[in-house]
Amino acid sequence: MAYTKEHHPVPARLMHSIHILAMIALAVTGFFIYKPNFPLFGMSMATARTIHFWAMFIVLLNLVVRVYWAFFGTNGDIKEFLPQKENKGTLFPLLSYYTFTRKTLPMTAKYNTLQKSTYSFWLFLLIFQGLTGFAMYWKTNPLFAPVIGAAGGLLNVYVIHYLTMWVFIVTTMVHVYLVLFEDFKAFKLMILGMESEGAHHHH
Ligand code: HEM
Ligand code: HEM
C-alpha cells in the first residue's frame, strides 16, 4: 500500500492534529497547575486553568467525534482498531523485530497488533483522565463521589491524574519515535499531508 491520502483521509488527519495540539496544551498547563513555579513565560494560575479547561473540552469532543466517525464516517475505520486475521501469528515476530532479534517486520494489517493495542489503550486512558479530571473539577458533585471514593480521597485523584499524564507522555514518545525513525513516510503523510511512493510499513 502506498502512502496516499486514501490511506489517511483528511478527517482522520485533522482530528489527529487537533488531538496533538490539545494534548500538548493539557500537558503543559497540567505541569504548571501541578507545579506553579514551573517557569511558563510568567503565566498565571488562572490562565493555565482556563487553557486546561478549554483544551479538555476540545480533546473530549474531538474524541467523541473520532469514535463516531470510525463507526459511521464515509471512510470509517473502526475495523483498523479491532483484531484482524492478517495480524494472526504476527505478534511474536513483531516483538522480536522490536527487540532486535529479527531484521524485518512481519506483514500485518494497516495497524499491527501493538499499534491497535496502544490506540485502544489511549481511548480508555483518555476517558479515565477525563473521569479523574471532572472529579477534581466538580469535586462536590455526588456524581463523582464514587470516583473520589475509589481513589481514596481527592488528593489521590490529583496524584492519579498527574501520573496518568506521565503514562501519556511516555507512550506518546514511543509512538513519535517509531513514526519518525521507522516510518517517516507515514509521518509526512499524517502530519504534513505529503504523499509518497513505496510499500507502507507498519509500526
Ligand atoms: C480529558 C479531560 C481532562 C480533564 C476533565 C481535566 C481536568 C483537570 C482539572 C479539573 C484539574 C485541576 C485543576 C485545578 O485544580 O486547578 C487538572 C489538573 C491537571 N491536569 Fe487535567 N484534565 C484533563 C486532561 C488532562 C490531560 C490529557 C493531561 C496530561 C496529558 C492532564 C494533566 C493535568 C495535570 C498534570 C494536572 C495537575 C494535577 C495536580 O495538581 O496534581 N489533564 N485537570
Ligand atoms: C507529535 C506527535 C505525534 C505524531 C508525529 C504522530 C504521528 C502519527 C502517525 C504518522 C500516524 C500514522 C501511523 C501509520 O500510518 O502507521 C499516527 C496515528 C495515530 N496516532 Fe499519532 N502522532 C502524534 C501524537 C499522537 C498522540 C498524542 C496520540 C494519542 C495520545 C496519537 C494517537 C494516534 C492514533 C490513535 C493513531 C491511529 C490513526 C488515527 O487516529 O487516525 N498520536 N500518528
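Just so we're clear, the structure is a prediction, and the values are computed from it rather than from any experiment.

Draft legend 1. Representation of the coordination of the iron atom of ligand 1. Around the iron atom of ligand 1, the donor atoms from the protein are His52 (NE2) and His161 (NE2), and they sit 2.0 to 2.1 Å away. Seen from the iron atom of ligand 1, its six donor atoms lie at angles of 86 to 179°, and the figure they make is octahedral. Within this pair, whereas His52 is found in helix 2 (residues 45-72), its partner His161 is found in helix 6 (residues 154-182), the two being separated by 109 residues in sequence. Of the two residues, His52 and His161, neither departs from the other in class, the shared state being buried.

Draft legend 2. Structural view of a nonpolar patch on the surface. Together, Val10, Leu14, Ile18, Trp54 and Ile58 line one region of the surface with nonpolar side chains, adding up to about 520 Å² of accessible area. Broken down by secondary-structure element, the contributors of at least two residues to the nonpolar patch are helix 1 (10-34) and helix 2. Element by element, the count of residues in the nonpolar patch is highest for helix 1, at three residues. Exposure remark for Ile18: the relative accessible area of 34% places this residue in the partly exposed category.

Draft legend 3. Highlighting the coordination of the iron atom of ligand 2. Distances from the iron atom of ligand 2 to its protein donors, His16 (NE2) and His175 (NE2), fall at 2.0 Å. Because the angles between the six donor atoms bound to the iron atom of ligand 2 fall within 87 to 179°, the donor set is best described as octahedral. A residue pair is termed long-range when its members are at least 10 positions apart, and His16 in helix 1 and His175 in helix 6 qualify at 159 residues.

Draft legend 4. Quick look at the site of ligand 1. Close contacts around ligand 1 come from 21 residues, with Arg49, His52, Met56, Tyr158 and His161 the closest. A distance of 2.4 Å separates an oxygen atom of ligand 1 from a polar atom in the side chain of Arg49. At the level of secondary structure, the elements contributing two or more residues to the shell around ligand 1 comprise helix 1, helix 2, helix 4 (113-137) and helix 6. Split by residue class, the shell around ligand 1 holds 14 nonpolar, six polar and one charged.

Draft legend 5. Local environment of the side chain of Ser196. Counting through the fold element by element, Ser196 comes out in the segment after helix 7 (184-192). Those residues in contact with Ser196 that sit more than four places away from it in its chain are Ala2, Tyr3, Lys185 and Lys188.

Draft legend 6. View of the nonpolar core. Ranked by size, the top nonpolar core spans 22 residues in total, and within it Met23, Leu26, Val59, Leu126, Ala135, Val157 and Phe168 carry the most contacts. Among the elements of the structure, helix 1, helix 2, helix 4, helix 5 (145-151) and helix 6 are those that each provide at least two residues to this core. Ranked by residue count, the leading element in this core is helix 4, at seven residues. Setting aside anything within four residues of it in sequence, one finds Leu126 in contact with His19, Met23, Val59, Leu60, Leu63 and Phe168.

Draft legend 7. Here's a closer look at the pattern of salt bridges. Enumeration over the complete set of coordinates arrives at two salt bridges. As a salt-bridge pair, Asp77 and Arg66 come within 2.9 Å of each other at their nearest N and O atoms. Highlighted residues: Asp77 in the loop between helix 2 and helix 3 (91-98) and Arg66 in helix 2, separated in sequence by 11 residues. With respect to class, Asp77 is no different from Arg66; both count as buried. With its nearest N and O atoms 3.5 Å apart, the salt bridge here joins Lys79 to Glu80.

Draft legend 8. Region of interest: the site of ligand 2. Neighbouring ligand 2 are 20 residues; His8, His16, His19, Tyr111 and His175 lie closest to it. In the environment of ligand 2, an oxygen atom lies 2.6 Å from a nitrogen or oxygen atom belonging to the side chain of His8. Measuring from an oxygen atom of ligand 2, one finds a side-chain N or O atom of Gln115 at 3.4 Å. Here the residues of the shell around ligand 2 are counted per class, giving 11 nonpolar, seven polar and two charged.

Calculation notes
- Residues numbered from 1 in each chain as written.
- Chains lettered and ligands numbered in written order.
- Predicted model: local features only at pLDDT ≥ 70, side-chain atom pairs only at ≥ 80, totals over all residues.
- Heavy atoms only, no water.
- Donors = N, O, S within 2.8 Å, 3.2 Å for Na, K, Ca; no water.
- Tetrahedral: all angles 85-135°; square planar, octahedral: opposite > 155°, others 65-115°.
- Helix = DSSP H or I, 4+ residues; strand = E, 2+ residues; numbered from the N terminus.
- Buried < 20%, exposed > 50% of the residue type's maximum accessible area, 1.4 Å probe, protein only.
- Patch = residues over 30% accessible without salt bridge, like charges linked within 9 Å, V, L, I, M, F, W, Y side chains within 5 Å.
- Areas by Shrake-Rupley, 256 points an atom, 1.4 Å probe, with all protein chains shown as cover.
- Salt bridge = Lys/Arg side-chain N within 4 Å of Asp/Glu carboxyl O.
- Near = heavy atom within 4 Å.
- Polar contact = N/O pair within 3.5 Å; in protein donor to acceptor, adjacent residues only side chain to side chain.
- Nonpolar A, V, L, I, M, F, W, Y, C, P; charged D, E, K, R; others polar.
- Contact = heavy atoms within 4.5 Å.
- Core = buried A, V, L, I, M, F, W, Y, C linked by side-chain atoms within 4.5 Å.

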